[in-house]
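# Breakdown of the fold
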Amino acid sequence: MTPLLKVQGLHVAYSDRMGELCPALAGVNFDLGPGEILGVVGESGSGKSTLAAALLRLLPSNGKIQQGTVLFEGKNLLDASAQDLRKIRGGRIGLIFQEPGSSLHPTMPVGQQVSDVLAAHESLDRHTLSERTSQLLATVFPVDAERISVSYPHELSGGQRQRVLIAQAIACGPSLLIADEPTASLDPTTQQEILQLFQTVRQNFGLAIILITHNPALLVGLADRLLVLYAGRVAEIGPTARVLATPQHPYTAALWRCLPSHFRQSQGTRKTQMHVIPGDPPDLSIQARGCRFEPRCTARMEVCKSHEPGAVVVGERHEVSCFKFPG
Amino acid sequence: MRYFLRRTLHAVFLLFGVSLLTFLFSALTPGNYFDEMRLNPQISRETVAALRAQYQLDRPLPVRYAHWLMAVAHGELGFSFAYNSPVGPLLWVRARNTLFLTITAMLLAWLLALPLGVWSASRFGRAPDRVLSWATATLLVIPDLVLALGLLILAVRTGWFPTGGLASVGFENLSPLHKLRDLASHLALPVAALVLATLPMLVRHVRASVAEVLEASFLRAAVGHGIPHPKLLYGYALRAAANPLISLFGFSVGTLLSGSLLVEVVMSWPGLGPLLLEAILARDLYVVIGGVLLSMIFLVSGNLFADVLLYWADPRIRIAASAK
Amino acid sequence: MQPLLRVENLVKHYAAGRPAPKDKSAALDGVSLSIPARTTLALVGESGSGKSTLALCIACLEHPTSGSIWFEGIDVVALDENQKRLLRPRIQLVFQDPASSLNPRWTALEIVSEPFFVQGRFSKQERSDKACTWLDHVGISPKMVSRRVDELSGGQKQRLAIARALALEPRLIVLDEALSALDCSVQAQISNLLLELQSSLGLTYLFITHDFAMAAHLADEIAVMDHGRIVESGPAEKILRSPGQDATRALLAATPGVPKTQSTLVNF
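Thresholds applied
Residues numbered from 1 in each chain as written. Chains lettered and ligands numbered in written order. Predicted model: local features only at pLDDT ≥ 70, side-chain atom pairs only at ≥ 80, totals over all residues. Helix = DSSP H or I, 4+ residues; strand = E, 2+ residues; numbered from the N terminus. Contact = placed C-beta atoms within 7 Å. Rg over C-alpha atoms; globule rule 2.2 N^0.38 Å. Buried ≥ 20, exposed ≤ 12 C-beta atoms within 10 Å, placed from the backbone. Pairing = 2+ DSSP bridges. Axes fitted to C-alpha atoms, helices over the stretch in contact; angles between N-to-C directions. Domains from an automatic or database assignment. Nonpolar A, V, L, I, M, F, W, Y, C, P; charged D, E, K, R; others polar. Arc of directions from axis to C-beta. pLDDT = per-residue confidence, 0-100. Left-handed = near helix turned anticlockwise from the far one by under 90°. Core = buried A, V, L, I, M, F, W, Y, C linked by C-beta atoms within 7 Å. Parallel < 35°, antiparallel > 145°, perpendicular 65-115°, else oblique.

## As for the overall build of chain B
Looking only at helices and strands, one finds 15 helices and two strands in chain B. C-alpha extents for chain B along the principal axes are approximately 85 × 60 × 40 Å. Contacts in chain B between residues far apart in sequence, at least 24 positions, make up 74% of those at least 6 positions apart.

Structure follows, in structure tokens:
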């Protein structure tokens, strides 16, 4: 089965004010099949937002894709011409940025913002455009779609804005959706509704989704596979159930231990000290030769200081980058 | 709505205040229109006194102000000593000429500033943008007077443009097409002077507002949706950057009567500017007050206009205003 | 022994037509609760339930429409402005977003020294020493104290906010979604810090959140808010194992990671 998306050896760096290059992603490899949901888990500084932006070459002006390939439906996105890229963005790949509040134009009604996405990729007459827009909004807003269509972003709640972003992203029937922290700053109930909406959209339109979050609990029951990012590198990637139940990478295991007890479905006592990952998140502006997790790893070995581990297959579609596993 | 009623009331009070101050200052400056006459030995002291009495210049200040106010309430703006005619019609003819000039210049300036500013912002920091910034900075530094004089010299040296006035001799006898051409050739230099004077600031404002918006998240999101480039710049970026520009536009409307004085005087354009200048020098009291009042009306209306435009253009302001 | 904080029938209505700030527009409709000293009460609810409004009233930053708030036996609502000012150091707030509650251009040391500066009775050296002590208490190492706020990570900023709150030696700290914006591993670290500070300094916490998981971990008692009223309250285990009200069950079921069929957190 040819994967829908195949990322190989992606390296991205940012240049700071002095012009020094600070690596954000290093050697990221993964692939995604059609209709599959991949959950990308990473904490601040792991490079998860950089990944979302880099796939569509939407990095800010100081970001640079240094090397790698991003094969989407057989074509390398990193080589695509500006014209082709514009057609793919929004047309074949839908992107939902963080912060629904600031991803919408402040002085345009949201219905028009959805129409604009349609108009950018398909040449439709006004009547059809308006019909398609209403249909789209009805998909994400089961009630009240008419009123929402003429509202401005500041008149909507966080959850409603998020739904508008989803409508924009699926407008032209893409085969891949990339959602960067779609439920941050939302209430638990609204969070569940939005995640449910992703499920529905996947079922009805058969699209693949890359869901990026810092809260792994959100991906339970939703993601088919999990990708754990640490310091711009893929620590572990595999089927969700397996990665949750038996994490192989020391970082993944430590991260799961940090979560409140109920999530781990294991006995815990309240009001006691939680497990923490000792040390601080890595400073990526400082060059390092070995594994980035080594300073905080409980299972570290000598080789970890001097060499970076490569990916090792440990199960069906399950890979880990750690020297614990010979490969 | 209450908001605008309040603002309008405020504006009326403002106009009262300005008229009073102008009256006061003009009356307090030493001398009056007839002082020149006093120096002329052929006119007797009694004649001067009689003239003064006729124009009520010997009455106390508050009385004169009250009379003037009553006259304004009836739509009369007073009497010009120098032209020996009512102020109203006099001002109107000149104001019309000024507006003709300034409206043309303003529209042209904005039509040029918007694309230039947007283009510059989209190439922010790169060579073309730097060249434009350098050019606008240079133009800003050159005083308006120098610009106007420079253009005048161009006219004199090349003979391509007339050097002053509104129309050539024998204007009435021309065919409509020729009339238009004649008008255009007389208009060209003053408009050019005004445009060169106001364009740099406008371009810089447009560039700054748009450049700021180009960094915004919603614009990156729009790029992510594949919105085509021209629509991004004009439909999204400029639209979001519109607020400060709309305010600026409103203020431009406010200065339609007052901003062109220098150019009019230098280029002999028969507008409000030269009239006011003469009147101030000759102590033609009512012309001065009338002219200042008219300019103030425009200024205040311009501000109000800016507010109305902003209210219409930005839905967030509607909410804030209705909540008050 | 009387509770440290007792709230009785607190009502807060916003006048019609006044544009109340978006997340604090919820009214309070007769809220009563009490927090014994040295314990943690978690206030759980969705946004719009009134939890932040309640926090602001308790911290004397909003004036309630009616009802009473007793802190250490004193009726806070009846105090005048001067008396309230004397009381304020004893109730401190820590907010969700440290980036907006801390001045980004100040250094960590300056931020924690400021309360001492305001009190006006310490020399510069004394202020600096006291500030460093508190910074050390919250785990900000001496080489970080001269870093500017915008150079710190999210977890460090939150530690700084806690240090600033502690500088005034409060009895009650109101944490308004203080952990919600943090990464998982950082949440764990700050949670441990809060527990440790509670036992060493005898602090009382009012922990406001919409995340039942963290509430479950930190609280002795849980109160559930919905539409401006407390719909259910009691010891944490009881609420978690056998919630009585629909609102509580809905919140429990919405906690990420909990299977849809489950509406309790039984692993406690």
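## Re the overall build of chain C
Regarding its fold elements, chain C presents ten helices and ten strands. The globule rule puts the C-alpha radius of gyration for 268 residues at 18 Å, and the 19 Å found for chain C is close to it. Projected onto the principal axes, the alpha-carbon positions of chain C cover approximately 55 × 45 × 40 Å. Within chain C, the fraction of its 268 residues that count as buried is 47%. Of all intrachain contacts in chain C linking residues separated by at least 6 positions in sequence, the fraction that spans at least 24 positions is 68%.

## Considerations on the sheet that holds strand S10 (residues 233-239) of chain A
The strands making up a sheet associate through hydrogen bonds between their backbones, and the pairing can be parallel or antiparallel. All names here are of chain A. A sheet is described by the order of its strands in space; here eight strands give the open sequence S6-S7-S8-S3-S9-S10-S12-S11, paired in mixed fashion. Looking along the sheet, the strands with just one partner apiece sit at the ends: strand S6 (93-96) and strand S11 (312-315). The mean angle between the axes of side-by-side strands here comes to 20°, regardless of whether they run parallel or antiparallel. Judged from the two bridges that link them, S10 and strand S12 (residues 318-320) form a sheet pairing that is antiparallel. Counted as the bridge partner of Glu236 is Val320 from S12.

## A few points about the domain arrangement of chain B
Residues and elements named next belong to chain B. Domains assigned within chain B are domain 1 (2-87) and domain 2 (93-323). Centre-to-centre, using C-alpha coordinates, domain 1 lies 33 Å away from domain 2. With 21 residues of domain 1 in contact, the opposing surface of domain 2 contributes 18 residues. Secondary structure elements with two or more residues in the side of domain 1 that touches domain 2: helix H1 (2-28) and strand S1 (79-80). Looking at which element gives the most residues to the side of domain 1 that touches domain 2, the answer is H1, with eleven residues. The class makeup of the residues in the side of domain 1 that touches domain 2 is twelve nonpolar, eight polar and one charged.

## With respect to the interface of chain A and chain C
At the interface, 31 residues of chain A touch 29 residues of chain C. Elements represented by at least two residues in the side of chain A that touches chain C include exactly helix H7 (188-205) and helix H9 (250-258) of chain A. Counting residues per element, the side of chain A that touches chain C draws most heavily on H7 of chain A, at four residues. The class makeup of the residues in the side of chain A that touches chain C is 13 nonpolar, 14 polar and four charged.

## Quick word on the sheet that holds strand S6 (residues 91-94) of chain C
Residue and element names in this part refer to chain C. Strand order across the open sheet formed by six strands is S6-S7-S8-S3-S9-S10, with mixed pairing between neighbours. Unpaired on one side and paired on the other, S6 and strand S10 (229-235) mark the two borders of the sheet. For this sheet, the mean inter-axis angle between neighbouring strands, taken without regard to orientation, is 15°. Relative to S10, strand S9 (residues 221-226) runs antiparallel, the two being bridged by six bridges. Across the sheet, the residue bridging to Glu221 is Pro235, located in S10.

## Observations regarding helix H13 (residues 272-282) of chain B
Residues and elements named next belong to chain B. Considered for burial, the residues of H13 that qualify are Leu272, Gly273, Leu275, Leu276 and Ala279. Along the long axis of H13, the arc covered by the buried residues comes to 165°, so they all point the same way. Buried residues along H13 sit against helix H5 (87-122), helix H12 (261-267) and helix H14 (285-313). At the C-terminal side of H13, Arg283 shows a positive phi close to 60°.

## A word on the confidence of the model for chain B
Overall, the predicted model of chain B reaches an average pLDDT of 83, with 94% of residues at or above 70. Of all secondary-structure elements in chain B, the lowest mean pLDDT belongs to helix H2 (residues 35-39) of chain B, at 67, while helix H9 (residues 217-224) of chain B reaches the highest, 92.

## Describing the confidence of the model for chain C
Residue and element names in this part refer to chain C. Per-chain confidence: chain C averages 85 in pLDDT, with 91% of residues scoring 70 or above. Confidence drops under pLDDT 50 across residues 19-24; counting only partners more than four residues distant or on other chains, this segment forms eight contacts. Across the interface, the model reports ipTM at 0.88; the global pTM reads 0.83.

## Brief notes about unusual backbone geometry
All names here are of chain C. Positive phi, normally seen in glycine, also occurs at Arg38, with a value near 65°. With respect to the helices, strands and loops of the structure, Arg38 is situated in the loop between strand S2 (28-35) and strand S3 (40-45). Despite not being glycine, Glu177 has its phi angle at roughly 55°, a positive value. For Glu177, the location among the structural elements is in the loop between strand S7 (172-176) and helix H7 (184-201).

## A word on the packing of H5 of chain B against helix H8 (residues 176-214) of chain B
Helix packing for two helices is described by the angle between their axes and how far apart those axes are. Residue and element names in this part refer to chain B. Where H5 meets H8, the axes come as close as 6 Å, and the angle between the chain directions of the two elements is 35°. Crossing of H5 over H8 shows right-handed handedness. For the contact of H5 with H8, the class distribution of residues is 23 nonpolar, six polar and one charged.

## Regarding the environment of His154 of chain A
With respect to the helices, strands and loops of the structure, His154 of chain A is situated in the loop between helix H5 (145-149) and helix H6 (158-170). In sequence terms His154 of chain A and Thr107 of chain A are 47 residues apart; their C-alpha atoms lie 8.9 Å from each other. Excluding its chain neighbours within four sequence positions, the residues that come into contact with His154 of chain A are Pro106 of chain A together with Arg316 of chain B.

## Quick look at the nonpolar core
Ranked by size, the top nonpolar core spans 162 residues in total, and within it Ile178 and Leu211 of chain A together with Val210 of chain B carry the most contacts. Ranked by the residues each element gives to this core, the list is headed by H8 of chain B, at 14 residues. Viewed by domain, this core spans two of them, domain 1 (2-87) and domain 2 (93-323) of chain B, each represented by three or more residues. Beyond its immediate sequence surroundings of up to four residues, Val210 of chain B is in contact with Gly117, Val118, Ala121, Ala237, Leu238 and Ala241 of chain B. By size, the runner-up hydrophobic cluster in this structure holds 79 residues, among which are Ile91, Ile140, Val149 and Ile222 of chain C.

## Details of the environment of Trp160 of chain B
All names here are of chain B. Along the polypeptide, Trp160 turns up in the loop between helix H7 (144-158) and H8. On the neighbour-count criterion, Trp160 (10 C-beta atoms within 10 Å) is exposed. As for Trp160 and Ser185, which are separated by 25 residues in sequence, their C-alpha atoms are 8.5 Å apart.

## Considering the pairing of strand S1 (residues 5-15) of chain A
All names here are of chain A. As paired elements, S1 and strand S2 (residues 21-32) share eight bridges and run antiparallel to each other. Residue pairing for S2: Lys6 is matched across the bridge by Asp31. Linking S1 to S2, which pair antiparallel, is a turn of five residues; within it Gly19 sits at a positive phi near 90°. One ladder, built from eight bridges, connects S1 with strand S4 (residues 63-72); its direction is antiparallel. Paired with Lys6 across the two strands is Leu71, which belongs to S4.

## Overview of the packing of H5 of chain B against H13 of chain B
Residue and element names in this part refer to chain B. Where H5 contacts H13, the axes come no closer than 8 Å and their chain directions differ by 135°. By the angle between their axes, H5 is oblique relative to H13. Every residue of H13 that contacts H5 at Arg94, Ala95 and Thr98 is listed here: Leu272, Gly273 and Leu275. Each residue belonging to the contact of H5 with H13 can be placed in one class, and the counts come to three nonpolar, two polar and one charged.

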